[in-house]
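So the chains spell out like this:
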Amino acid sequence: MPSFKLVAVLAFGAALLGYILRDPFDEETIRGKRVIVTGASTGIGEQLAYWYSRLGARVLITARRETVLEQVGLCELNIQGFMIGRHFPLPLMQPYSASKFALHGFFGALRHDFAFHGYDISITDHILGSINTSNALAFSKVAFNPEVFDTPAEDTAYRIMKGTAMRERTVYFPYYVRITMLRDLFPSLLDIMVRSWVREGAIDKLKTSPNS
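Values in this document were obtained by computation on a predicted structure and should not be read as measured data.

### Considerations on the packing of helix α2 (residues 43-54) against helix α6 (residues 153-165)
Consideration 1: Two numbers describe how α2 lies on α6: the axes approach to 8 Å, and their chain directions differ by 60 degrees. As judged from the angle between their axes, α2 and α6 are oblique. In the packing of α2 onto α6, the handedness of the crossing is right-handed. Mapping the contact onto sequence places G43, I44, Q47, L48, W51, Y52 and R54 in α2 and A153, E154, T156, A157, Y158, I160, M161 and T164 in α6.
Consideration 2: Along the lines of polarity and charge, the residues of the contact of α2 with α6 split into 9 nonpolar, 4 polar and 2 charged.

### Some details on helix α4 (residues 94-117)
Consideration 1: Helix length check: α4 (24 residues) gives 35 Å between terminal C-alpha atoms against 34 Å at 1.5 Å per residue, within 8%.
Consideration 2: Looking at α4, one finds that the buried residues are S97, K100, F107, L110, R111 and F114.
Consideration 3: Directly after α4, the chain includes G118, whose backbone phi takes a positive value near 75 degrees.

Cut-offs and rules
Residues numbered from 1 in each chain as written. Predicted model: local features only at pLDDT ≥ 70, side-chain atom pairs only at ≥ 80, totals over all residues. Heavy atoms only, no water. Axes fitted to C-alpha atoms, helices over the stretch in contact; angles between N-to-C directions. Helix = DSSP H or I, 4+ residues; strand = E, 2+ residues; numbered from the N terminus. Parallel < 35°, antiparallel > 145°, perpendicular 65-115°, else oblique. Left-handed = near helix turned anticlockwise from the far one by under 90°. Contact = heavy atoms within 4.5 Å. Nonpolar A, V, L, I, M, F, W, Y, C, P; charged D, E, K, R; others polar. Expected span 1.5 Å × (residues − 1). Buried < 20%, exposed > 50% of the residue type's maximum accessible area, 1.4 Å probe, protein only.

Dropping the structure here:
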């Protein structure tokens with residue numbers, strides 16, 4: 001009898017784990033959707049355009065640089081907010097961090113407005129880490145250690161597409177980005193961790209030319 005109970009418990013545990021780890025996302029739900037991708041000339045935006053196109057969506061791409069956009073070659077209305085900077089400030093990036101905090105407030109208020117009006121429009125916050133894009137790597141030469149940017153843009157774009165299609169409220173990608181939850185519990189520890197990402201040369205430059 002004890003062995004039977006043990007087997008039953010293990011079977012239940014395995015079934016529960018399988019349920020938790022299951023992936024309910026069906027790529028076929030993307031087919032035929034009308035999607036607008038902004039900033040589609042490079043990086044995550046470009047990879048998003050490729051993913052949506054591969055899965056049969058009708059994609060409209062936009063970007064500031066027309067010549068670069070032409071090289072890309074190529075809805076349900078969902079709104080996405082991006083980047084880790086909206087959860088805690090990043091060193092040497094005051095304007096960037098301020099803009100991301102502003103996005104958090106704007107989309108949070110907009111979510112309330114949609115609810116009051118009864119609009120069936122979801123807003124998904126995508127809290128992203130250090131993604132391996134050309135722009136990020138170029139900036140890292142000045143301020144951050146390059147090894148921090150180790151997450152492929154293609155994988156990031158897929159997770160953004162999946163989270164948006166599933167109407168998730170918040171997506172953290174990659175997994176380590178959940179350290180943002182430490183902001184309110186251990187703010188000083190998080191500050192120390194974030195500062196460790198900065199290159200020593202950038203710190204020295206800040207000390208000698210604080211206004212540069």
